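If you want the building blocks of each chain, they are given just below.
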Amino acid sequence: MAREFRESTVALPETWPTVEEVAVNGTTLYYRLDTPAPLRDEAGRYRRDERGRIAIEAFMALPLSTMYGRLAAYLESVSPGDSAAQPDPARLKSAFAELVEFVERFGPLGIGWSRTYRAENVEADRLAIENGQLRWQVQASADLPQRAVSPLLARGRSPIWLVVFPELGLAPFGEVRQARSFPELAWEARVRLEDNLIAHDRLGTIDDGPLSRTRAVMQEALDLVHALAGPNPHVIRDAIERFSRADRIFWVGSEPVDSTALNWRLAVRGMVPEDGLWRPFKAHRGQVDWETLGWSILAQHLSRMLTWGSLRVGLRGHRPQLGWRVGSLVEVMYLQLLEHVTQHPDFGIGQCAYCGAPILRVRRQQRWHTGCAPAGRQRESRASRKARHAVEPDQ
Ligand SMILES: [Zn+2]
């Protein structure tokens with residue numbers, strides 16, 4: 001059964017919704033949600049795709065430029081200049097084919113879902129209605145009754161407002177916006193009208209949309225994890241410098257009071273600055289413990305990404321069970337990265353010799369994802385046979 005997305009839903013520990021149907025309108029993905037499914041199998045392994053890739057590996061393999069290129073080519077073909085021409089939803093969906101396949105397997109991305117709360121904004125609603133009534137009276141008295149629409153009947157007007165908290169480490173402010181919703185209409189119609197209260201993901205542009213930004217940051221985090229597996233201080237320093245979410249100034253003037261706060265002072269070698277503000281990239285290289293700083297920055301980033309999740313009590317049968325309320329698939333992917341650095345901190349991140357996606361190594365030497373290995377080996381032996389043939393005539 002399709003259900004409306006509610007931010008307060010308590011999914012059982014370690015579960016995430018599945019999708020019954022995906023539709024695309026513009027660059028927004030809409031989901032008809034189905035019941036939550038476990039993130040892991042009976043053996044405790046995360047759900048995988050047919051190549052044996054877990055969500056974070058498959059996500060990093062998504063061909064973003066191919067998908068956006070397809071979209072641009074299609075939109076160009078839809079009579080430009082004719083504003084009445086509507087893009088075909090099926091063609092939009094096929095432009096994002098790989099992403100649609102990904103969410104059908106792993107569940108909705110849910111970028112920003114856990115930061116979004118519903119709210120009332122009674123005063124703003126009252127003012128909007130008053131304004132509308134005044135306008136209505138003016139229009140009605142101007143003898144244009146057919147053009148006057150009662151503000152109480154305005155389409156899509158919802159008493160629900162959305163409060164979106166900022167992404168930690170990126171935006172300083174959150175935002176409040178009124179939801180547009182058409183609860184009386186069918187799901188397909190709500191997708192067409194861009195209803196804000198059905199489950200959706202705004203992908204945005206390839207340059208700076210939520211999808212590409214999420215992926216770029218995840219790539220930087222993977223690069224930092226790989227550098228920390230070294231550990232060569234110069235490589236770590238470069239990875240931190242490239243990590244856009246890393247702070248550049250740290251408070252080291254006192255020990256942290258909050259027991260979960262990071263103690264940046266531990267990364268200072270030598271004198272602590274008098275004003276308590278430490279700028280490692282301005283300090284002499286030898287006066288920074290890059291390994292400690294790198295691990296601290298990784299911990300801070302993971303903490304920020306997981307901060308909107310929360311402890312909840314769900315029910316398994318009739319037994320209350322303490323669990324983690326997962327707020328988005330992005331959180332799941334960061335949990336996978338966290339598990340990797342907890343269990344195999346010095347294994348690093350590999351790159352699959354077949355599909356090119358990252359491998360969160362569970363063995364020291366791992367060249368393919370399990371599902372990519374047969375095809376990868378075959379391609380390799382073909383290539384080496386070819387190479388042998390190529391050198392034989394010279395012998
Ligand atoms: Zn692979």
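Residues numbered from 1 in each chain as written. Predicted model: local features only at pLDDT ≥ 70, side-chain atom pairs only at ≥ 80, totals over all residues.

A. Representation of the domain arrangement of the chain within the structure. Domains assigned within the chain are domain 1 (15–124 + 129–212) and domain 2 (213–307). Listed per partner, the contact involves twelve residues of domain 1 and nine residues of domain 2. Partitioned by chemical class, the residues of the side of domain 1 that touches domain 2 number eight nonpolar, three polar and one charged. (Domains from an automatic or database assignment. Contact = placed C-beta atoms within 7 Å. Nonpolar A, V, L, I, M, F, W, Y, C, P; charged D, E, K, R; others polar.)

B. Spatial organisation of the sheet that holds strand 3 (residues 116–119). Sheet architecture is open: three strands sit in the order 3-4-5, paired in antiparallel fashion. Each of the sheet's edge strands pairs with one partner strand only, and the pair in question is strand 3 and strand 5 (175–180). Taking the axes of each pair of neighbouring strands and ignoring which way they run, one obtains an average angle of 35° across the sheet. Bridging between strand 3 and strand 4 (residues 157–164) involves four bridges; their strand directions are antiparallel. Bridging from a neighbouring strand, Thr-116 pairs with Val-164 of strand 4. (Pairing = 2+ DSSP bridges. Helix = DSSP H or I, 4+ residues; strand = E, 2+ residues; numbered from the N terminus. Axes fitted to C-alpha atoms, helices over the stretch in contact; angles between N-to-C directions.)

C. Broad picture of unusual backbone geometry. Residue Pro-231 follows Gly-230 across a cis peptide bond; omega there is -10°. Checked against the element boundaries, Pro-231 lands in the loop between helix 7 (210–228) and helix 8 (233–242). The phi angle at Glu-194 is positive, at roughly 55°, despite the residue not being glycine. Relative to the helices and strands, Glu-194 is located in the loop between helix 6 (187–192) and strand 6 (200–202). Exposure remark for Glu-194: the 16 C-beta atoms within 10 Å place this residue in the partly exposed category. (Buried ≥ 20, exposed ≤ 12 C-beta atoms within 10 Å, placed from the backbone.)

D. Region of interest: the nonpolar core. If you look at the biggest cluster of nonpolar residues, it comprises 50 residues, and the most contacted ones within it are Ala-55, Leu-224, Val-225, Leu-329, Val-332 and Met-333. Counting residues per element, the ones that place at least two in this core are helix 1 (55–60), helix 7, helix 8, helix 9 (290–306), helix 10 (329–343) and strand 12 (358–360). With eight residues, helix 10 is the largest single contributor of residues to this core. With residues up to four places along the chain from it excluded, the contact list for Met-333 reads Ala-55, Ile-56, Phe-59 and Met-218. Formed by 18 residues, the second largest nonpolar core is a distinct cluster that contains Tyr-68, Ala-95, Ile-198 and Leu-203. (Core = buried A, V, L, I, M, F, W, Y, C linked by C-beta atoms within 7 Å.)

E. Structural context of the sheet that holds strand 6. Strands sit in the order 1-2-6 across an open sheet of three strands; the sheet is antiparallel. Edge strands, defined here as strands with exactly one partner in the open sheet, are strand 1 (15–25) and strand 6. Adjacent strand axes in the sheet meet at a mean angle of 35° when their direction is disregarded. Bridge analysis of strand 2 (residues 28–38) against strand 6 gives three bridges, and the strand direction is antiparallel. Across the sheet, the residue bridging to Thr-28 is Arg-202, located in strand 6.

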